[in-house]
Amino acid sequence: MCDRGDRNLAEPGREAMRARFAPSPTGYLHVGGARTALYNYLAVHSAGGEFILRSDDTDTERSSDEFQRDILDGMAWLGLDWDEGIERGGPHAPYQQSERLPRYQAVAESLLAQGKAYLCFATAEELDEMRRVAQSEGRPPGYDGRYRDFDPDEAQSRRAAGDHAVIRLKVPRPGETVFADLVRGEVRFDHEHVEDFVILRSNGTPTYHLASSVDDIDFEITHVIRGEDLLSSTPKHILIGEALGAAPIKYAHLSLLMGPDGKKLSKRHGDTSLRAYRDAGYLAEAMVNYLALLGWSYGEDSDIFTLEEAVGRFSLEDVQPNAAIFDNDKLEWMNGTYIRAMSDEAFADHVGPMLASAFGDLTDLQHNRLAAILPHVKERTKLLTEVPGQVRFLMSEDVEYDQGSWEKVMKAPEARAAIEDARHRLSALESWDAATIEESLRAMLDQLQLNGRKGLQPIRVAISGSSVSPPLFESMEVLGKTATLARIDISLELLTAA
RNA sequence: GGCCCCGUCGUCUAGCGGCCCAGGACGCUGCCCUCUCAAGGCAGUAACGCCGGUUCAAAUCCGGUCGGGGCUACCA
């Protein structure tokens, strides 16, 4: 790929990369934002440099502390720590745009004074009319520049007199903005399609374009890595930078994440907040791993890797420009892979909170049973949230028989005989461990000429309440002899009653 | 409508003019293993959107076309 811009990111003598993730706290951190943050992190760490976290909260109406908290928590959960920024400070503090308003105003006024921007008094009605007419005439829509050549002194006095005015950037015309996107190659925009856009609102607050561009310059950002939805706005940002005489910034626009239907991932595809995945029982490591694969490939040797390993191979130029569909099946498979790779202790730690919320404070008995069964449950878990259901039969002295399982298994002709025979043998057992239990039940199968499926499933349902459970012999061992026999008796009574 | 981006199996991707009648992973199907469910093993299914051009040779380069997506605010 020779047309994808400058790839000498780590060239000696070049300054270190400085990239930023600048979410606006107007919503929970969603998986798409998390991926953008991840790619910024990977790019910075693979090239050497600083990762900055900034809050683009100029929209005071929609921004909230709760959302900002959620974003920070999400970043921490994923392990994407930043070198400078919110809650961390740094040489360019504050990193919160709402605290930098005077700076943006000063920049806008200075651009105005230099004649690189101008005051515009057009009303909302005028603007609507402009768009309408332009549309109908098939011309590029947008502001027509009617105040561009208005006399500056007259404009100033008009504003001083109390007329509401916005400040618009004087986009060079004719003109064209061309830049080498790091993942897409050369992109060009004729200024015919870039209107003289607003940089400062009539209420004195900056627009996103101004605030973001000024911060990127002030914070000495070298690489802007963001979603493709901002690709069309890039000429505006470059133009602001040029008007300010700033060093050019490199851009990398990541494709957007799509839902299973091929449409942009959004609430219509369910809860796409990172928090929702965390709550659903996904591991941060699996999430990071999966997200990294959406638009990038680790190599043909493996799909499973750590954040650190990804850093070792990542390069922006290898990022795919095409959109990726978020595939829950693969994420789930990956999560299961990570869970199985965990130590038993780590697994117990991870499911601790959800077991506590499902069963309350644990008794010693419950605790011991969990410690014994969890390693077996771990092997068959894809989502941490499945665990309480898997161990429920060991957490209470009462069994709940699953209707479907009962119908399917206990109605079989050999069920009763198997359970009765098993009861005799088990009650005679002197030691109670999985191996002994298995030996005893195998003898039962032998005796009754039954295969494992037919002869053991009834026992499973009898003691766990379901046709699906952790391994039978181990489950029985953990349950204990007394409780096991009690459950067998209950199932026998139910069989008789029916 | 205008502008911009994108287009390899169902999905994520490898592929940078011959190594490709296209490789890996998830999914799916079948078989094996098996006390259920998982896991594991083996086998299989399945793609270069289309049309032209350049070239001895194209998934790879160019053009067009079709399809998808984004933007088009005094939101970000």
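Look up a bit, the structure's there.
Residues numbered from 1 in each chain as written. Chains lettered and ligands numbered in written order. Predicted model: local features only at pLDDT ≥ 70, side-chain atom pairs only at ≥ 80, totals over all residues. Heavy atoms only, no water.

1. Considering the overall build of chain A
Thought 1: The secondary structure content of chain A amounts to 20 helices and 12 strands.
Thought 2: For 498 residues, the compact-globule formula gives about 23 Å, and the C-alpha radius of gyration of chain A, at 32 Å, lies well above that figure.
Thought 3: Principal-axis analysis of the C-alpha atoms places the extent of chain A at approximately 105 × 50 × 40 Å.
Thought 4: Taken across its 498 residues, chain A has 50% of its residues classed as buried.
Thought 5: Across chain A, the fraction of contacts at a sequence separation of at least 24, relative to all contacts at a separation of at least 6, is 75%.
Thought 6: When the 54 basic and 82 acidic side-chain charges of chain A are each reduced to a single mean position, those positions are 3 Å apart. (Helix = DSSP H or I, 4+ residues; strand = E, 2+ residues; numbered from the N terminus. Rg over C-alpha atoms; globule rule 2.2 N^0.38 Å. Buried < 20%, exposed > 50% of the residue type's maximum accessible area, 1.4 Å probe, protein only. Contact = heavy atoms within 4.5 Å. Lys, Arg positive; Asp, Glu negative; His and termini not counted. Charge placed at Lys NZ, Arg CZ, Asp CG, Glu CD.)

2. Regarding the environment of H92
Thought 1: The topology assignment puts H92 in the loop between β3 (84-85) and α3 (101-113).
Thought 2: For H92, the contacting residues outside a window of four places in its chain are R18, E84, R100, D218, F219 and E220.

3. Some points on the environment of W77
Thought 1: Counting through the fold element by element, W77 comes out in helix α2 (residues 65-78).
Thought 2: When the C-alpha positions of W77 and R278 are compared, they lie 8.9 Å apart, and in sequence the two are 201 residues distant.
Thought 3: Discounting residues that sit within four places of it in the chain, W77 has contacts with L274, R278, Y282, L283, A284 and M287.

4. A look at the pattern of salt bridges
Thought 1: Overall, the coordinates contain 36 salt bridges when judged by the stated rule.
Thought 2: Salt-bridge contacts for R18 lead to E84; the nearest nitrogen and oxygen are separated by 2.8 Å. Taken as a pair, R18 in strand β1 (residues 17-21) and E84 in strand β3 lie far apart in primary sequence, 66 residues in all. For the residue pair R18 and E84, the accessibility class agrees, reading buried in each case.
Thought 3: The residue K330 makes a salt bridge to D303 at a minimum N-O spacing of 3.0 Å. Placement of the pair is K330 in helix α11 (residues 328-341) and D303 in the loop between α9 (284-292) and α10 (307-313), with a sequence separation of 27 residues.
Thought 4: D303 gets classed as partly exposed once you look at its relative accessible area, which sits at 29%. (Salt bridge = Lys/Arg side-chain N within 4 Å of Asp/Glu carboxyl O.)

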